[in-house]
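Commentary on secondary and tertiary structure
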Amino acid sequence: MSQEFQMEKTFQPQEKEQQIYQEWERSGAFTAQRVEGKKPYTIVMPPPNITGQLHMGHAVDVTIQDILIRFHRMLGDPTLWLPGTDHASIATENRIVEQMRKEGLTKEGIGREAFLERAWEWKEKYGGQITQQLRRMGASCDWSRERFTMDAGCSRAVSEVFVKLFEQGLIYRGERIINWCPVCRTALSDIEVEYEEQHAHLWYIRYPAEDGGEGVVVATTRPETMLGDTGVAVNPEDKRYLHLIGKKLMLPLAGRVLPVVADAYVDPEFGTGAVKMTPAHDPNDFEISKRHNLAILRVMNDDGTMNEAAGADYQGLSAMDCRKLVLQRLKEQGYLVNTQDYTHSVGSCSRCHTTVEPLISEQWFLEMAPLAKPAIEAVREGQITFYPDRFAKTYFNWMENIRDWCISRQLWWGHRIPAWYCQTCEKVIVAREAPDTCPDCGSIRLHQDEDVLDTWFSSALWPFSTLGWPDQTEDLQYFYPTSTLATGYDIIFFWVARMIFSGIAHMGQVPFDTVLIHGIVRDEQGRKMSKSLGNGVDPLELIETYGADALRFSLVLGVAPGADMRVSSERSEAARNFANKVWNASRFVLMNLDGVPGAIEPKLLRTPEKWILSRLNQAIRQVTNHLKGNDLGLAAQTIYDFAWNEFCDWFIELSKGDLFDGTPERKAQARAVLYQVLSAVLRLLHPFMPFLTEMIYKQLPGHEQDSCMLSPWPLENEAYSFKDEEQQMEGVMDMIRAIRVVRQELKVQPGHRARVLLKPKPGWAERLTTAEPYFQRLAGAASLQILPPDAQVAEKTVSAVGLIGEALMPLGELVDIEKEIARLEKEAQTLEAEISRSRGKLANEGFVKKAPPALVEAEKEKIAQNEGMLETVTHRLRELRQ
RNA sequence: GGGAUUAUAGCUCAGUUGGCUAGAGCGCCACGUUGACAUCGUGGAGGUCGUUGGUUCGAGCCCAAUUAAUCCCACCA
């Protein structure tokens, strides 16, 4: 062991991780370089909101992207991972309002300008916090290119797009029924509304005829809206109501006169077959009313209270209070004819969970159909691939039924809509820069629209706005379109779909070729993590306890693409244990090296060395292919298995003989192989566990000045493909396992060393001439003696039967004949069952004729092996029974 | 109402174009301080891959039906 050797006995991630990250960042290695003629690998990071803390969703996002980025960096691709943050208009504004409320302040009280100042202060404070936390995860992104959705460049892109779409007629302003959140006091888009089933009532109310006749009974879930009714609709085919069509009804409480109209939309089977029309507060009523020219009467204020039009008795009441009063009055006056329990879904604001009110309002909309069409085609034609591909269906399903997007928000924090209204001539001016005068009348009395844009309007431009668009920057030309977009399935609609149509519309090219979708993180009980449940697991805490590498590894190992995952401390613990295993294997190798090992001499290699090198080749191939195929879980599993089961459990143990007691020549080869395999393992593992691997890599003799992150990805080496040695090792390992089983079943003390007399199958004797140390080290053998096939052993022995022959161990008084017979009988049974299974397969003509020849051969081989073992076992049994 | 997903060891989950004598981690049982690691080692028990049909030489994997659970979308008052 060298003097300066210094590795702790267990892996202690906490101390070193941040230091390593700082070194990486300082070195400039994250900064992307454009290399002409070389295809770059680019990811734009889904920008986390500046509202707060890193959560598990970010942790998954970041881990997946960082794995891909580090992999491609090591492959030698020019690699850009562009980070940034999102202003998160409504989420941030709510948080600031909340903060102000605690100080006794209101938005309106301090005014727009002061509010925006506070918002920018917030951004400075918390925007930096989350990017620091991304660093804790090990995210190797290019901070020199960090962007913010509201920085000058991104804002310019937003204006540019808005103006362009307006000029194309795709952005328009209009009065429509929108989803209104009375608490956030803003319009919402359809996907910002979450629906859930609620137990409610269906109230049946009589609307008498104008002349005092019976009229009709209507059913409603929202009786308070009757104050805004302007008609009643029935189905034109409905015989019950034919006589009323065109007649007038009297609206109870309000006393207004309502026309009865006929519209095919009305389902005669539902309720009473007569529907009250509240065009200002229901999207269907709005549509029907437009067809029949019914009046539109809005009875609710922006804060969810009833307005003047609702009537003096109701003005100022909340919708709920109004409902109670309306029902009471209807009851008193005899109009309420029935009340039914009823379950229906009610929409709530995805931000504050207040019930949204559909109401008519003048807003800005983006017409979707013309944008959606090419975006659907692009995915259909394969310009973009979804992984797993089923999410393409989700995408199609949404895009094919898409409705216009309400893009204006009655908020202050965000991109202010670049529209100005002339207060003299009422012209609407949409422009990139604030105009001085009205182009029509020359007036200088211009007023900018008060609203801001939906946060996702700017996110939709992220893949190109961050690269400098609308300028044709070198970055934009080189890095666009980007490569992979990794995100959770919960934001396919919010973000992925919108980036796709925006990229096509403004860049003429799709924004990325691959969409890698992951699931959401759940708690140990499988529940969604949420603030209200308080079941969120803090990734930073896990980093503190287990290290960032363990957290990262636990988020990909054993996780199928697109599948939800549960976090549990067991998972992190398992990953931490693996990190420790790698640490200790490295520690062992480093302890036993003496400077930089010499080259591997293929001619001097022994079987286990050829075996591990050959197996390494396969591991490299599999990990590489899995990573290229976006199967991160399988890639992680492959490294895990190779490093732990093959390298640690077998190879390191097998190398000890040479390392401790070998000739100088043998020692040198053992060192060289250990060094080479360890180096490859570290590099294969680096994308998953960057800190650990970097720490160890720098300790490898000869690599003190190198970075694992920047070292080349391991390649398969044809010269190290040794099929025969792999087979040999399989045989040896099988024999060793067989001996271990026998020893444990007979309860042989581990310290009790037994002579092993091995009767090999034909062809194996000469391959086992140097195997003694392996049996000594791993099978508790005192010695290994190879017997001729016909040798008679006089001593009382137990027998372990393996693929390559029979191992006899004189265990003296330990041998319990009865036990031994029982054990062998069981073994014989297993073998017989297996042989008959194989026979059955081969007896099947179809199998022999149609299955691949290699498979048929393998089956025959199995029979031969199993028969050989069975023969040995039965022979042995005969001897014992004598 | 439409679409999708899941159902594999006690628990949590892998299983890439059908070839599996079905794996891992945790848990369980037994043994273990042999010069990297008890955050470890060795061995073991434990599954008719939800159910029923079908395609195929061959099905955990493909098809159909069925049961159960979950999720998303949808304007039925």
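This text goes with the structure placed above it.
Below, the structure is looked at part by part. All of these numbers come straight from a predicted model, not from anything done at the bench. (Residues numbered from 1 in each chain as written. Chains lettered and ligands numbered in written order. Predicted model: local features only at pLDDT ≥ 70, side-chain atom pairs only at ≥ 80, totals over all residues. Heavy atoms only, no water.)

Details of the pattern of salt bridges
As enumerated under the stated definition, the model contains 53 salt bridges in all. Here Arg666 makes a salt bridge to Glu609, at a shortest N to O gap of 3.0 Å. Taken together, the residues Arg666 in helix H19 (residues 664-685) and Glu609 in helix H17 (residues 607-628) connect sequence positions 57 residues apart. Here the two residues Arg666 and Glu609 agree in accessibility, since each one is buried. A salt bridge links Glu725 to Lys610, with the shortest nitrogen-to-oxygen separation between them at 3.3 Å. Placement of Glu725 in helix H21 (residues 723-745) and of Lys610 in helix H17 is noted, with a sequence separation of 115 residues between them. Each member of the pair Glu725 and Lys610 is classed as buried. Ionic contacts of the salt-bridge type, sharing partners, join the residues Arg34, Asp142, Arg145, Glu474 and Asp475 into one network. (Salt bridge = Lys/Arg side-chain N within 4 Å of Asp/Glu carboxyl O. Helix = DSSP H or I, 4+ residues; strand = E, 2+ residues; numbered from the N terminus. Buried < 20%, exposed > 50% of the residue type's maximum accessible area, 1.4 Å probe, protein only.)

Brief notes about a positive patch on the surface
Taken together, the side chains of Arg95, Lys102, Arg351 and Lys531 define a basic patch exposed on the protein surface. When its relative accessible area of 36% is taken as the criterion, Arg95 is described as partly exposed. (Patch = residues over 30% accessible without salt bridge, like charges linked within 9 Å, V, L, I, M, F, W, Y side chains within 5 Å. Areas by Shrake-Rupley, 256 points an atom, 1.4 Å probe, with all protein chains shown as cover. Lys, Arg positive; Asp, Glu negative; His and termini not counted. Charge placed at Lys NZ, Arg CZ, Asp CG, Glu CD.)

A closer look at the side chain of Lys107
As for its position among the elements, Lys107 is in helix H4 (residues 107-137). The exposure class of Lys107 is buried, given its relative accessible area of 11%. Setting aside residues no more than four positions away along its own chain, Lys107 makes contact with Glu93, Val97, Met100, Phe115, Gln410, Leu411 and Trp412. (Contact = heavy atoms within 4.5 Å.)

Brief notes about the packing of helix H18 (residues 632-661) against H19
Orientation of H18 relative to H19, taken along the N-to-C sense of each, is 165°, at an axis distance of 10 Å. Viewed along their axes, H18 and H19 adopt a mutual orientation that is roughly antiparallel. Judged by the sense of rotation from one axis to the other, the crossing of H18 with H19 is left-handed. Packed against H18, whose contacting residues are Ile639, Phe642, Ala643, Phe647, Phe651, Ile652, Ser655, Asp658, Leu659 and Phe660, the element H19 presents Arg666, Lys667, Ala670, Arg671, Val673, Leu674, Val677, Leu678, Val681, Leu684 and Leu685 at the interface. (Axes fitted to C-alpha atoms, helices over the stretch in contact; angles between N-to-C directions. Parallel < 35°, antiparallel > 145°, perpendicular 65-115°, else oblique. Left-handed = near helix turned anticlockwise from the far one by under 90°.)

Comments concerning the sheet that holds strand S12 (residues 274-277)
Read from one edge to the other, the open sheet built from four strands follows the order S10-S11-S9-S12, with strand pairing classed as mixed. Of all strands in the sheet, those bounded by a partner on one side alone are strand S10 (248-250) and S12. Between one strand axis and the next, the sheet turns by 30° as a mean value, whatever way the strands run. The sheet contact formed by S10 and strand S11 (residues 257-262) spans three bridges and is antiparallel. Following the sheet pairing, Leu249 is matched in S11 by Leu258. Together, strand S9 (231-234) and S12 form the strand contacts of helix H6 (residues 283-291), whose direction differs from that of S12 by roughly 90°. (Pairing = 2+ DSSP bridges.)

Description of the nonpolar core
Within the largest apolar cluster, 130 residues are counted, with the highest numbers of intra-cluster contacts made by Phe647, Phe688 and Phe775. When residues of this core are assigned to their parent elements, the largest contribution, 13 residues, is made by H18. Excluding residues that lie within four positions of it along the chain, Phe688 makes contacts with Ile67, Asp549, Arg552, Phe553, Val556, Leu627, Leu632, Ala635, Ala636 and Ile639. By size, the runner-up hydrophobic cluster in this structure holds 67 residues, among which are Val379, Ala392, Leu453 and Tyr480. (Core = buried A, V, L, I, M, F, W, Y, C linked by side-chain atoms within 4.5 Å.)

Some words on the protein's contact with RNA strand B
Lining the immediate surroundings of RNA strand B are 61 residues, of which Asn284, Asn584, Trp644, Asn844 and Lys850 lie closest. Looking at RNA strand B alone, sugar and phosphate atoms form 58% of those within 4 Å of the protein. Note that a phosphate oxygen of RNA strand B is positioned 2.7 Å from one of the side-chain N or O atoms of Arg566. Asn844 places a side-chain nitrogen or oxygen 2.4 Å from a sugar or linking oxygen of RNA strand B. (Near = heavy atom within 4 Å. Polar contact = N/O pair within 3.5 Å; in protein donor to acceptor, adjacent residues only side chain to side chain.)

Considerations on the pairing of strand S23 (residues 512-518)
A large share of S23 lies buried, amounting to six of its seven residues. Relative to S23, strand S15 (residues 385-387) is paired through three bridges, and the arrangement is parallel. Residue pairing in the sheet places Phe386 in a bridge with Val515 of S23. Where the polypeptide runs from strand S22 (residues 482-488) across helix H13 (residues 492-507) and back to S23, its parallel neighbour, the crossover connection is right-handed. (Right-handed = clockwise from strand over helix to strand, strands pointing away.)

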